[in-house]
Amino acid sequence: MGYGTGVLQTYWAYYFIRGLSVGIAGIATLFVARRTGVQQGLLVASRGVGLCLGPNLAAGVLGRVVDRGETQLGMALALMCKAMCAFFIPRSESHLALYGIFFALGIFMSALDTLALVLVTRFIKKGGPAVLSLYDACYGLGGMVAPFIAVALPEAGWEILAIADTTVAMYLVMRRLTKGKPRQWQGEVVSAGGG
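Predicted model, so just to flag it, every value in this text is computed and none were measured. (Residues numbered from 1 in each chain as written. Predicted model: local features only at pLDDT ≥ 70, side-chain atom pairs only at ≥ 80, totals over all residues. Heavy atoms only, no water.)

Chemist: I'm lost on the nonpolar core in this one. Help?
Modeler: Tyr11, Tyr14, Met75, Leu79, Ile89, Leu119 and Trp158 are the most contacted members of the largest nonpolar core, which has 50 residues in total. When residues of this core are traced back to their parent elements, those giving at least two are α1 (7-36), α2 (40-67), α3 (71-88), α4 (95-123), α5 (128-152) and α6 (157-179). By residue number, the principal contributor to this core is α4, which donates 13 residues. Those residues in contact with isoleucine 89, other than ones at most four positions away along the chain, are Val32, Arg35, Leu98, Ile101, Phe102, Leu105 and Trp158. (Core = buried A, V, L, I, M, F, W, Y, C linked by side-chain atoms within 4.5 Å. Buried < 20%, exposed > 50% of the residue type's maximum accessible area, 1.4 Å probe, protein only. Helix = DSSP H or I, 4+ residues; strand = E, 2+ residues; numbered from the N terminus. Contact = heavy atoms within 4.5 Å.)

Chemist: Even after reading the chapter, I still don't get the pattern of salt bridges, so can you show me in this structure?
Modeler: Should the charged atoms of two oppositely charged side chains come close, the side chains can pair. For the structure on display, the rule yields five salt bridges. Across the pair arginine 18 and aspartate 113 runs a salt bridge whose closest N-O atoms are separated by 2.7 Å. With arginine 18 in helix α1 and aspartate 113 in helix α4, this residue pair connects regions lying 95 residues apart in the sequence. With respect to burial, arginine 18 and aspartate 113 carry one shared label: buried. Arginine 91 serves as the salt-bridge partner of glutamate 159, at 3.1 Å between the closest nitrogen and oxygen. Taken together, the residues span a long stretch of sequence, with glutamate 159 in helix α6 and arginine 91 in the loop between α3 and α4 at a distance of 68 residues. Glutamate 159 sits in the partly exposed class, given a relative accessible area of 22%. (Salt bridge = Lys/Arg side-chain N within 4 Å of Asp/Glu carboxyl O.)

Chemist: Looking at this model, I keep getting lost on the side chain of serine 92. Mind explaining?
Modeler: Turning to its location among the elements, serine 92 is positioned in the loop between α3 and α4. The class of serine 92 is buried, set by a relative accessible area of 10%. Excluding residues that lie within four positions of it along the chain, serine 92 makes contacts with Arg35, Thr36, Leu98 and Ile101.

Chemist: Please clarify how α6 should be interpreted in this entry.
Modeler: Three- or four-residue spacings in an α-helix give side chains the same orientation, since the helix completes a turn every 3.6 residues. For α6, which comprises 23 residues, the first-to-last C-alpha distance of 33 Å matches the rise-based estimate of 33 Å (1.5 Å per residue) to within 8%. Here α6 has its buried residues at Gly157, Trp158, Leu161, Ala162, Ala164, Asp165, Val168, Ala169, Leu172, Arg175 and Arg176. Next to the buried residues of α6 lie α1, α3 and α4. At the exit of α6 stands glycine 180, carrying a positive phi of roughly 75°. (Expected span 1.5 Å × (residues − 1).)

Written out as structure tokens, the structure reads:
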């Protein structure tokens with residue numbers, strides 16, 4: 001990680017999308033449940049189990065990603081996996097597949113959340129709590145916007161989330177391809193809002 005990767009700035013967009021994800025999923029999951037006959041509560045619970053287990057399952061990988069300075073690619077990969085889950089949810093009919101996809105969605109969401117916490121606490125020495133509070137504000141803003149999107153475009157909610165996650169992931173990949181891996185990433189400590 002370190003100065004110049006763009007990951008911490010990208011988290012502003014991610015947390016907005018995270019708020020959208022929770023808000024849209026609450027409504028869009030009802031449409032999935034009606035279409036497939038699966039209980040909505042079990043889908044949400046599957047995602048919840050993934051959210052609970054994700055930080056434990058991903059801890060070793062996240063530690064290596066941060067220690068090796070590969071947070072751009074790590075975040076991009078997690079976003080693409082999350083986008084694939086959102087893409088496949090409206091296309092799946094199998095109850096078992098849906099439970100698995102929602103479980104995976106929870107894992108990738110929690111891995112992204114955990115990565116943000118690790119990066120902020122490790123690399124922002126001044127103002128870290130303020131940055132986390134602002135990330136939460138972005139999350140809240142996404143949560144406020146989500147119902148309007150979900151009601152206006154109820155059948156497209158999952159695709160909107162997949163496109164949003166893919167866009168942020170592609171930004172990170174393009175940044176890496178055009179600027180390369182930041183030099184001296186191990187020694188850099190940034191101030192609040194940097195990165």
